[in-house]
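Residue-level structural notes
Residues per chain are reported as follows:
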Amino acid sequence: KWIGSKLISVKAKPLSTLEKIKLQFGMRHTDANGWLKVTHVLDGGLAQAAGLAAGDLLASIDGQRITSARWDKVLGSLSENTYARITFYRDDLEYERMVSLQSIQIPTQYELTPKKDA
């Protein structure tokens, strides 16, 4: 009703490379004593493709140690249309998975703004 109206403008949201990779990863996390602990895995994201689940501790991406403080820096070092090696822990066992960073996997986000002439 509102989106098709003359009151709201809809356009694709411009995203930085870091924002695109975060969206593509498709997970939520929290800090757990210096570890990045997965809290939610979203359908269709790289986290799901890698087999991550809530409660897993993310250890590294491409050999770079992951912490909450380093999350943006490590993701920012990744490139689209390449592969990344993800290492994580579940139940005290280490797992390693390869995932493909494909730009076609990035969900589109939209900006909704009131039209000025409304």
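Our structure's up above, just so we're on the same page.
Quick caveat: nothing in here was measured; it's all calculated off a predicted structure.

1. Some remarks on the packing of aromatic side chains
Scanning all chains against the criterion turns up three aromatic pairs. With a centroid separation of 5.7 Å and an interplanar angle of 85°, the aromatic rings of Trp-35 and Tyr-89 are classed as edge-to-face. Of the two residues, Trp-35 is situated in strand S3 (residues 35–41) and Tyr-89 in strand S6 (residues 82–90); the sequence distance between them amounts to 54 residues. Trp-35 sits in the partly exposed class, given a relative accessible area of 27%. Accessibility expressed as a relative area gives 27% for Tyr-89, which makes it partly exposed. Seen in terms of ring centroids, Phe-88 and Tyr-95 are 5.4 Å apart; in terms of plane orientation they differ by 15°. Their pairing is stacked. For Tyr-95, a relative accessible area of 24% gives the class partly exposed. Taking NZ or CZ as reference, Arg-65 lies 4.2 Å from the ring centre of Trp-35, over its face. Directly above the ring of Tyr-95 sits Arg-90, whose terminal nitrogen or CZ lies 5.7 Å from the centroid.

2. Some words on the side chain of Thr-67
Along the chain, Thr-67 turns up in the loop between strand S5 (64–65) and helix H3 (71–76). We classify Thr-67 as buried; its relative accessible area is 18%. Ignoring any residue separated from it by four or fewer positions in sequence, one finds Thr-67 in contact with Gly-34 and Leu-36.

Definitions and cut-offs
Residues numbered from 1 in each chain as written. Predicted model: local features only at pLDDT ≥ 70, side-chain atom pairs only at ≥ 80, totals over all residues. Heavy atoms only, no water. Phe/Tyr/Trp six-rings, centres within 6.5 Å; stacked < 30°, edge-to-face > 60°. Helix = DSSP H or I, 4+ residues; strand = E, 2+ residues; numbered from the N terminus. Buried < 20%, exposed > 50% of the residue type's maximum accessible area, 1.4 Å probe, protein only. Lys NZ or Arg CZ within 6 Å of the ring centre and 35° of its normal. Contact = heavy atoms within 4.5 Å.

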